[in-house]
Amino acid sequence: MLDLWGAGVIEQKTITLFKGYKPVDLTALRTANPTHWARATAIRALTLDAIHAANSGHSGMPMGMADVATVLFANHLKFDASAPNWPDRDRFILSAGHGSMLLYSLLHLTGYADMTMDEIRNFRQWGARTAGHPEYGHASGIESTTGPLGQGLAMAVGMAMAEEIQRGRYGRKLVDHRTFVIAGDGCLMEGISHEAIGLAGRHELSRLVVLWDNNDITIDGKVSLSDRTDQVMRFKAAGWRVIEVDGHDPEAIDAALTKSRTGKRPTMIACKTHIALGSSAQDTSKGHGALTDETLIKDTKAAYGWTADAFVIPAEIKSDWAAIGARGAAARREWEAQLAGQSTRKQAEFARVYGGDAPKKLAGVIRNLKKQASEDAATMATRKSSENVLKAVNPVMPETIGGSADLTGSNNTKSDDMGVFDTDNRKGRYVYWGIREHGMAAAMNGMVLHGGARAYGGTFMAFTDYARPAMRLAALMRIPTVFVMTHDSIGLGEDGPTHQPVEHLAISRATPNTYVFRPADSVETAEAWEIALTTKETPSVLSLTRQGLPTVRLEHKARNLSAQGAYVLAKATGKTQAVLIATGSEVCIAMQAREMLESDGIGTRVVSMPCMELFAEQDETYRRKVLPAGPVRVGIEAAVRQGWDRWLSGEGGRDAKSDFVGMDSFGASAPAEELFEKFGITAAATVAKVKALLG
């Protein structure tokens, strides 16, 4: 007799659960399809063992979704464990990243070389590939970092869009795969899911399949405590096909996955499951977390019929899973033959874009843009400068995918050569994202993760707040997504403080592994784009103006000066007594202030600092050359001071000999010129601070 569910003695391991669930008979499940049961139970056993060893983790989801994942990997997912980066593999994303042991178990069982049993044993430990939540780059087969709920679902939408675009470009012989994502109740509660499913339905991403772990449990208790959404009707309303199945019936799961291959709509398979299946914590909030009690684990394994020791997979089951992992090798070799049959030029181009390498033409295109900009010396908003760069770059970089969150005419992110991505134009590379900053940013990450794509998208700088979670994940995953953020200060004028960013530069700069560019003119804008499109492991934020700016780089230099992060734009006449450090729209203010100071006999240097992060990467010798010790320093930026002190009072500077011209409050609604005057961001204010520091 075994009291599996704390509901009294149960002789047949059968229980009638709360309304909406069918009884679960583990004996029937074990005997109906013993091969499937053995495969799925291996996942559950490894999950219990690893979380017990770590004394932390989330047991319930892997235990509940093991049947679904087993059918997917055994019968439907196109992959080859020996070639994890095969471009035409199906993508599998675990959006419910807390259930990471589901993914780690699958990778180990199917034979991914770097997911050894030692990695499983060291789950959640220092240096292990098996982090608490899946982290992209830690191990082969982890397609994206997940854990912040809903992000994986939105990234999967981006992956499916990238597949459509590339199939349109290269043809089915080279690009012909699907995207599968497991999402939980939490993923569907997060607001980003609404943006993601709306996009997928609108664009008829028929090769996208969401497997919903419909277990009705969250950390606090039943889903009904906080939500009453009919998810089936919600997906249908967004243009999805929905199939409802028993998530523990392998035949029903298989039939649903087979059906998902037909039709023109994305598919959501609602898998009714039992969290922490077979344990005393089944169908409870306790089952969501770490099940570490030794008696519970022993009893659960007994209910499964699992007799192997901890971290031991019986040879027959191990061999069966290994065969699943090798099944895709034939398809992969066939694909490689297809690629080899393409022209040498097409093979080279395919390898280039999937390697993340920029075309050789790019450097020349950027040099020509810079030279023309210096010669023309036009007054131009850097958002317009950015558009001019894209008009020149997009034709030579067909891997770029651009877009805007319903601000195309304001962000200036579209070039005519791209074509619009839509149901009747899969070759289109411009996406009208709608008012969906969060979904856009996450989907762009998915495009980059897919491979063969350089994604960028625009919104207003103030709305980085909406895109922030995906921007952080891009930095964490070390992928080069480009976030084009226009209207970057009080310089946008009358729209007022709701739209005027003052803290957003500091927020972006505080994020590790992020390049934040604030170019001063068309020349620096071109240089910023060159860096953003050639880096491979760092996302970029381009902070661009609404208002026109004069050209400050009047002497053409082929070298990318912005790549050094900061450089001397104007030297002092005679001895340097003051150094003005400015970014973006305030560089011209610094130049005006320099002229005034020089006329008063105060030798003044102007340093343009388009990217603090790149300047910090330079060696100390270069940094001292640009920012010498001794002269007073004044920073100028129409934003808060946070993040500036290193360059003002550090790096050879002193508190008593430095100051800042910028914002210490929110903005206001008025014309831009008046705002700069009222908030004291002027050449005169800069001159006054310099003179005060000099005494």
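Keep in mind the model is a prediction, meaning the values are calculated, not measured. (Residues numbered from 1 in each chain as written. Predicted model: local features only at pLDDT ≥ 70, side-chain atom pairs only at ≥ 80, totals over all residues. Heavy atoms only, no water.)

*Asks:* Is there a simple way to think about the environment of Val 626 in this case?
*Replies:* Along the polypeptide, Val 626 turns up in helix α24 (residues 620-626). Along the sequence, Val 626 and Ala 381 sit 245 residues apart, while their C-alpha atoms lie 27 Å from each other. Among residues more than four places away in sequence, those in contact with Val 626 are Ala 566, Tyr 567, Val 568, Arg 605, Val 607 and Phe 615. (Helix = DSSP H or I, 4+ residues; strand = E, 2+ residues; numbered from the N terminus. Contact = heavy atoms within 4.5 Å.)

*Asks:* Hey, could you run me through the sheet that holds strand β16 (residues 604-608) in this one?
*Replies:* Strands belonging to one sheet form pairs held by backbone hydrogen bonds; the direction of such a pair is parallel or antiparallel. The five strands are arranged β14-β16-β15-β17-β18 in an open sheet whose pairing can be described as mixed. Strands with a single pairing partner mark the edges of an open sheet, and in this sheet they are β14 (567-570) and β18 (658-661). Within this sheet the neighbouring strands show an average axis-to-axis angle of 30°, counted without direction. By the bridge criterion, three bridges tie β14 to β16 in an arrangement that is antiparallel. Looking at the pairing, Val 568 lines up with Val 607 of β16. This element, helix α22 (residues 587-599), spans β14, β15 (578-582), β16 and β17 (632-636) of the sheet and lies at about 175° to β16. (Pairing = 2+ DSSP bridges. Axes fitted to C-alpha atoms, helices over the stretch in contact; angles between N-to-C directions.)

*Asks:* Where do I start with the packing of aromatic side chains in this structure?
*Replies:* When we look at a pair of aromatic rings, we describe it by the centre distance and by the angle of the planes. The final tally for this structure, using the stated rule, is 17 aromatic pairs. Aromatic rings pair up to connect Phe 73, Phe 79, Phe 92 and Tyr 112 into one cluster. (Phe/Tyr/Trp six-rings, centres within 6.5 Å; stacked < 30°, edge-to-face > 60°.)

*Asks:* Can you help me understand the sheet that holds strand β4 (residues 179-184) in this one?
*Replies:* One open sheet accounts for five strands, arranged β3-β4-β5-β7-β6; its pairing is parallel. The strands lining the two open edges of the sheet, one partner per strand, are β3 (91-94) and β6 (241-246). The sheet shows a mean angle of 20° between the axes of neighbouring strands, direction not considered. Here β3 runs beside β4; their pairing, made up of four bridges, is parallel. Residue pairing in the sheet places Arg 91 in a bridge with Thr 179 of β4.

*Asks:* Got a minute to help me understand the side chain of Thr 481 in this structure?
*Replies:* Position of Thr 481 among the secondary structure elements: in the loop between α19 (464-477) and β11 (482-486). Classification of Thr 481 as buried rests on a relative accessible area of 0%. The residues contacting Thr 481, other than those within four sequence positions of it, are Met 444, Asn 445, Val 448, Ala 455, Ala 474, Pro 539 and Ser 540. (Buried < 20%, exposed > 50% of the residue type's maximum accessible area, 1.4 Å probe, protein only.)

*Asks:* How should the confidence of the model for the chain be read in this particular structure?
*Replies:* Detailed conclusions should not be drawn from predicted coordinates in areas where pLDDT is low. Looking at the chain, pLDDT values average 96 and 97% of them are 70 or higher. Predicted confidence in the chain is weakest over strand β1 (residues 14-15), with a mean pLDDT of 32, and strongest over β15, with 99. (pLDDT = per-residue confidence, 0-100.)

*Asks:* I tried to follow the packing of helix α2 (residues 34-54) against helix α4 (residues 100-110) on my own but got confused; where do I start?
*Replies:* When two helices pack together, their arrangement is given by the angle between the helix axes and the distance between those axes. At a minimum axis separation of 9 Å, α2 and α4 run at an interaxial angle of 120°. Handedness of the α2/α4 crossing: right-handed. In this structure, α2 contributes Ala 42, Ile 43, Leu 46, Thr 47, Ala 50 and Ile 51 to the contact, and α4 contributes Met 101, Leu 102, Ser 105, Leu 106, His 108 and Leu 109. (Left-handed = near helix turned anticlockwise from the far one by under 90°.)

*Asks:* Help me understand the pairing of β11, please; the structure alone is not making it clear to me.
*Replies:* A regular strand places its side chains so that they alternate between the two faces of the sheet. Of all five residues in β11, five are buried, a share of seventy percent or more. Burial of the side chains of β11 extends over both faces: Val 482, Val 484 and Thr 486 are buried on one face and Phe 483 and Met 485 on the other. With respect to chirality, the unit in which strand β10 (residues 454-460) leads through α19 into the neighbouring parallel β11 is right-handed. Pairing between β11 and strand β13 (residues 540-543): four bridges, direction parallel. Across the sheet, Val 484 pairs through a bridge with Leu 542, a residue of β13. (Right-handed = clockwise from strand over helix to strand, strands pointing away.)

*Asks:* Is there a simple way to explain the layout of surface pockets in this structure?
*Replies:* Gaps between atoms show up when a probe of the same size as a water molecule is rolled over them. A volume near 740 Å³ is recorded for the largest pocket. As for the largest pocket, its lining consists of 33 residues, and the residues nearest its centre are Tyr 136, Tyr 354, Val 448, Leu 449 and Gly 451. When grouped by side-chain class, the residues that make up the lining of the largest pocket number 15 nonpolar, nine polar and nine charged. (1 Å grid on protein atoms, 1.4 Å probe; cavity = no way out; pocket = protein on both sides within 12 Å on 5 of 7 lines; lining within 4 Å. Points joined across faces, edges and corners; volume = space filled by probe spheres on them. Nonpolar A, V, L, I, M, F, W, Y, C, P; charged D, E, K, R; others polar.)

*Asks:* Can you help me understand the packing of helix α18 (residues 437-450) against α19 in this one?
*Replies:* Taken N-terminus to C-terminus, the directions of α18 and α19 make an angle of 20°; their axes are 6 Å apart at the nearest point. Looking at the two axes, α18 sits roughly parallel to α19. The crossing of α18 and α19 is right-handed. Mapping the contact onto sequence places Glu 437, His 438, Ala 441, Ala 442, Asn 445 and Leu 449 in α18 and Tyr 466, Ala 467, Pro 469, Ala 470, Leu 473, Ala 474 and Met 477 in α19. Partitioned by chemical class, the residues of the contact of α18 with α19 number 10 nonpolar, two polar and one charged. (Parallel < 35°, antiparallel > 145°, perpendicular 65-115°, else oblique.)

*Asks:* Please explain the state of the cysteines as it appears in this structure.
*Replies:* A covalent bond bridging the sulfur atoms of two cysteines is what the word disulfide describes. Under the definition given, this model contains zero disulfides. Cys 611 provides the cysteine sulfur closest to Cys 588, a residue in no disulfide bond, and the two sulfurs are 20 Å apart. Residue Cys 588 is classed as buried on the basis of its relative accessible area of 15%. Overall, Cys 611 belongs to the buried group, its relative accessible area being 0%. (Disulfide = S-S within 2.5 Å.)

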